[in-house]
Amino acid sequence: MQQFSDLMMDHFMNPRNVGELDESSPRVGTGTVTSDVCGDVTKLYVEIGDDERIVDAKFKTFGCGAAIASSSYATEWLKGKTLGEATQIDDAKIAKVLDLPPMKIHCSVLSQDAVACAIANWKAKSGKS
């Protein structure tokens, strides 16, 4: 039987920032990614303030507990970060903090990719690509 860390279980059982942001807002970028490994899907939203800091982040994940926990942790970590800092999110750090087993590392990659897509979407909408 697979053992998961208390922190991973907490983010899975009590996920933070589940929901949506208004995709039509010029301040909101969205990224939707699907894992090639297992088919899990994450849609992540970031709201960017005038100072180009992330003021809010939300997610919806259809997948396993590790994918939900990774998305929850990522949205918590993103809040208050500059765009430069946010692009440095690292799937290995997420996996380490949540103590994900090797067979669940792809879940942290899913979150990292969703963040990158959401930021790219906001930059495209803002003409800052």
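Residues numbered from 1 in each chain as written. Predicted model: local features only at pLDDT ≥ 70, side-chain atom pairs only at ≥ 80, totals over all residues. Heavy atoms only, no water.

Trainee: I'm lost on unusual backbone geometry in this one. Help?
Mentor: Negative phi values dominate among residues other than glycine, just as trans dominates among peptide bonds. If you check the backbone angles, glutamate 52 has positive phi at about 60° while not being a glycine. Within the secondary structure, glutamate 52 sits in the loop between strand 2 (41-48) and strand 3 (54-62). A positive phi is found at aspartate 99, a non-glycine position, where the angle reads about 55°. (Helix = DSSP H or I, 4+ residues; strand = E, 2+ residues; numbered from the N terminus.)

Trainee: For this particular structure, what's the right way to read a nonpolar patch on the surface?
Mentor: Taken together, the side chains of Met9, Phe12 and Met13 define a hydrophobic patch exposed on the protein surface, amounting to about 260 Å² of accessible area. Within the fold, phenylalanine 12 resides in helix 1 (residues 6-13). (Patch = residues over 30% accessible without salt bridge, like charges linked within 9 Å, V, L, I, M, F, W, Y side chains within 5 Å. Areas by Shrake-Rupley, 256 points an atom, 1.4 Å probe, with all protein chains shown as cover. Salt bridge = Lys/Arg side-chain N within 4 Å of Asp/Glu carboxyl O.)

Trainee: What's the story with the packing of helix 2 (residues 65-78) against helix 4 (residues 91-98) in this structure? I'm lost.
Mentor: Each pair of packed helices gets described by two things: the angle between the helix axes and the distance between those axes. In the contact formed by helix 2 and helix 4, the axes pass within 10 Å of each other and the chain directions differ by 110°. Classified by the angle their axes make, helix 2 and helix 4 are roughly perpendicular. Facing helix 2, whose interface residues are Ala69, Ser70, Tyr73, Ala74 and Trp77, helix 4 presents Lys93, Ile94, Val97 and Leu98. (Axes fitted to C-alpha atoms, helices over the stretch in contact; angles between N-to-C directions. Parallel < 35°, antiparallel > 145°, perpendicular 65-115°, else oblique. Contact = heavy atoms within 4.5 Å.)

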